[in-house]
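# Residue-level structure breakdown
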Amino acid sequence: MSLRIGQGFDVHAFGPGDHLMLGGVRVPHEYGVVAHSDGDVLLHALTDALLGALALGDIGQWFPPSDPRWADADSSQFVAAAMNAVGEHGYRVNNVDLTLLAEAPKIAPHSAAMRARIAELLDLDLSRVGLKATTTEGLGLVGRREGIAAQAIVLLCH
Ligand code: MG
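Only a predicted model underlies this, so the values are computations on that prediction, with no experimental measurement involved.

### Quick word on the overall build of the protein
When helices and strands are tallied, the protein shows 5 helices and 7 strands. Going residue by residue from the N terminus, the α and β elements of the protein occur as β-β-β-β-α-α-α-β-α-β-α-β. Against the 2.2 N^0.38 benchmark of 15 Å for 158 residues, the protein shows a C-alpha radius of gyration of 15 Å, consistent with a compact globule. Dimensions of the protein, computed from C-alpha atoms along their principal axes, come out at roughly 45 × 35 × 25 Å.

### Digging into the sheet that holds strand E6 (residues 129-134)
Here we have 5 strands laid out as an open sheet, ordered E4-E1-E7-E5-E6, and mixed in their pairing. Two strands in the sheet have a free side with no partner beyond their single neighbour: strand E4 (32-33) and E6. As defined by bridge partners, strand E1 (residues 3-15) adjoins E4 across 2 bridges and the pair is classed as antiparallel. Following the sheet pairing, phenylalanine 14 is matched in E4 by valine 33. In this fold helix H1 (residues 41-53) packs onto E1, strand E5 (92-101), E6 and strand E7 (147-157), with an angle of close to 150° to the strand it touches most, E1. In the packing of helix H4 (residues 108-122) onto the sheet, the strands contacted are E5 and E6, and the crossing angle to E6 comes to about 140°.

### Focus: the coordination of the magnesium ion
Expected angles at a metal are 109.5 degrees for tetrahedral coordination by four donors and either 90 or 180 degrees for octahedral coordination by six donors. Every protein donor of the magnesium ion is listed here as Asp10 (OD), His12 (NE2) and His44 (ND1), and their distances to the metal cover 2.2 to 2.3 Å. The sequence pattern describing where the donors of the magnesium ion fall on their chain is D-x1-H-x31-H. Placement of the pair is histidine 12 in strand E1 and histidine 44 in helix H1, with a sequence separation of 32 residues. Residue class for histidine 12 comes out buried when judged on its relative accessible area of 12%.

### Considering the side chain of histidine 44
Among the residues examined, histidine 44 registers a relative accessible area of 7% and is labelled buried. In this structure, histidine 44 is in contact with Asp10, His12, Ser37, Asp38, Gly39, Ile59, Ser75 and Phe78, ignoring residues within four places of it in sequence.

### Structural notes on the pattern of salt bridges
Applying the stated criterion across every chain yields a total of 5 salt bridges. Here arginine 26 ties to aspartate 18 by a salt bridge, and the two come within 3.9 Å at their closest N and O atoms. For arginine 117, the salt bridge identified is with glutamate 120, shortest N-O distance 2.8 Å. One end of the pair is arginine 117 and the other is glutamate 120, both in helix H4 and 3 residues apart, which spans about a single turn. Judged by its relative accessible area of 25%, arginine 117 is partly exposed. Take glutamate 120: its relative accessible area is 54%, and that puts it in the exposed class.

About the cut-offs
- Residues numbered from 1 in each chain as written.
- Predicted model: local features only at pLDDT ≥ 70, side-chain atom pairs only at ≥ 80, totals over all residues.
- Heavy atoms only, no water.
- Helix = DSSP H or I, 4+ residues; strand = E, 2+ residues; numbered from the N terminus.
- Rg over C-alpha atoms; globule rule 2.2 N^0.38 Å.
- Pairing = 2+ DSSP bridges.
- Contact = heavy atoms within 4.5 Å.
- Axes fitted to C-alpha atoms, helices over the stretch in contact; angles between N-to-C directions.
- Donors = N, O, S within 2.8 Å, 3.2 Å for Na, K, Ca; no water.
- Buried < 20%, exposed > 50% of the residue type's maximum accessible area, 1.4 Å probe, protein only.
- Salt bridge = Lys/Arg side-chain N within 4 Å of Asp/Glu carboxyl O.

And the structure:
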């Protein structure tokens, strides 16, 4: 069996708005995020992890923010494109582990829906989709509530 591991990281600044898209789920919040697409940090980190596992560059190369096609884009299409590449290279996802870094909003009420959506996008059993959330104890850009960040790790197998 051939294995490939990939990791991804993303940050978006908070801006005007009333919700965040996180893991493909609409989460009400006192801010939105500044982004060209829908600004879904979790799906952006996941896309980069999938691309990274195959050494295929990053989401910015695949979906340039300068391209009007991706304005307000549903980020699930970025994951879908990366999953196409995974399939074309003869791999499938074994499991993913995701961490959201935020002081607010509270993720727990939405985590089941996020995991279900991510499992669907990756064609995975729910038991193979890890999702965690942490604050940064008031420190740094997340702690100052300037924005939200996410990390993803994926394992692909052949
Ligand atoms: Mg992003």
